[in-house]
Amino acid sequence: MQIKMVGVLGCGLMGSGIAQVCAAAGYTTIVRELDETFLNKGLGRVKKFLDDGVAKGKVTAEARDTTLANLSGTTSIAALKDCDLIIEAIIENLEEKRTTYAALEHVVGAHTIFLSNTSSLCITELAAATKRPDRFGGLHFFNPVPLMKLVEVIRALTTSDETYQAVFAFAGSLGKEPITAPDRPGFIVNRLLVPYLLDAIRAYENGLGTIEDIDKGMKLGCGYPMGPFTLLDFVGLDTTYYIANIMFEEFREPAYAPPPLLKRMVLAGRMGRKSGRGFYTYETK
Ligand code: CAA
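How each quantity is defined
- Residues numbered from 1 in each chain as written.
- Predicted model: local features only at pLDDT ≥ 70, side-chain atom pairs only at ≥ 80, totals over all residues.
- Heavy atoms only, no water.
- Near = heavy atom within 4 Å.
- Polar contact = N/O pair within 3.5 Å; in protein donor to acceptor, adjacent residues only side chain to side chain.
- Areas by Shrake-Rupley, 256 points an atom, 1.4 Å probe, with all protein chains shown as cover.
- Helix = DSSP H or I, 4+ residues; strand = E, 2+ residues; numbered from the N terminus.
- Nonpolar A, V, L, I, M, F, W, Y, C, P; charged D, E, K, R; others polar.
- Pairing = 2+ DSSP bridges.
- Right-handed = clockwise from strand over helix to strand, strands pointing away.
- Contact = heavy atoms within 4.5 Å.

## Re the site of the ligand
- What surrounds the ligand is a group of 19 residues, the closest being Phe-49, Lys-58, His-140, Asn-143 and Asn-190.
- Side-chain polar atom of His-140 to an oxygen atom of the ligand: 3.0 Å apart, as the coordinates give it.
- Contact between the ligand and Asn-143: a nitrogen atom at 2.8 Å from a main-chain N or O atom of the residue.
- When the ligand is considered free in solution it has 1,100 Å² of accessible area, and contact with the protein chains removes 64% of it.
- Among the secondary structure elements, those contributing two or more residues to the shell around the ligand are helix H2 (36-55), helix H7 (189-205) and helix H9 (228-235).
- With three residues, the single largest contributor to the shell around the ligand is H2.
- Taken together, the residues that form the shell around the ligand break down as eleven nonpolar, five polar and three charged.

Here it is, written out as structure tokens:
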């Protein structure tokens, strides 16, 4: 099938990055947010990233202008009516997603593929909430979306071969490296990353070393771009806590159980970079 027009639901950190890479790959892209304030903030993030890219010599002015010309924002679901493929990147809440898919079903064509960028919910359960379980799948991007090369393609139990192949090819057309991941909590990357991050917190609580030394150890000793605490702050402590709980509920293995310190930091509002404080303190703009 030919994909020309792409819709993105949600213009937060992930949605704006996803919309940007779709527009940069030449797709006519429409991103939908709930209100103008969130929409303008998300579109502003895209513009800033592209402007910074031009200033760094990583993006040409022409590529920036083409990307921005391919991208438009809306607050209306109906504006997505001509989209061939829609990527949902809204809040991680099953009911919100169900309501949004139901509204979309009324406006889009029968051929339109729905994809979710969820990092924690069951793709088969989301697919079952739509009238197109065969044209539904998971497409999981990584933060920061424009820089991270990987995308996980997840098949629901009901995803057709045709949809899977079209989605895999679409992910490649974005300049990403797709891998096929199972519809299980954590898919491939978070299945391995989350226990590592949780273990770093447990090790710190048990006196293994300072936050700075553990980070330095993993960064310089293993060549990771960030140590575990810098990465926890980057991903968001609330997000990590949420994913860990879902993984623990499914697998019932201690490796996925959120450590007490993580829970308390979330309860205290220390979510990481986005709240100005996590394991480190950040200047809020
Ligand atoms: N436009 C174009 N290119 C840009 C750019 C821009 N605005 N800003 C930066 N870049 C380029 C840089 O030029 C640089 O390119 P080269 O390597 O060719 O020099 C590259 O992007 C890296 O940028 P920086 O040098 O500015 O920054 P950095 O080297 O510190 O890297 C980072 C930043 C990519 C975030 C890196 O620290 C990293 O990879 N961190 C780990 C991130 C990670 O693990 N993400 C996954 C989180 S888990 C997740 O998302 C899933 C989930 O479900 C929770």
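This is not the end of the story, as more comes after the structure.
## Examining the pairing of strand E8 (residues 177-181)
- Both strand E7 (residues 150-155) and E8 contribute to a ladder of five bridges, which runs parallel. Looking at the pairing, Ile-154 lines up with Ala-181 of E8.
- In terms of handedness, the path from E7 via helix H6 (residues 161-173) over to E8 forms a crossover that is right-handed.

## Side note on the side chain of Thr-163
- Structurally, the position occupied by Thr-163 is in helix H6.
- In terms of polar contacts, Thr-163 uses its side chain to reach the backbone carbonyl oxygen of Asp-134, at 2.8 Å.
- Those residues in contact with Thr-163 that sit more than four places away from it in its chain are Ile-113, Asp-134, Arg-135 and Phe-136.

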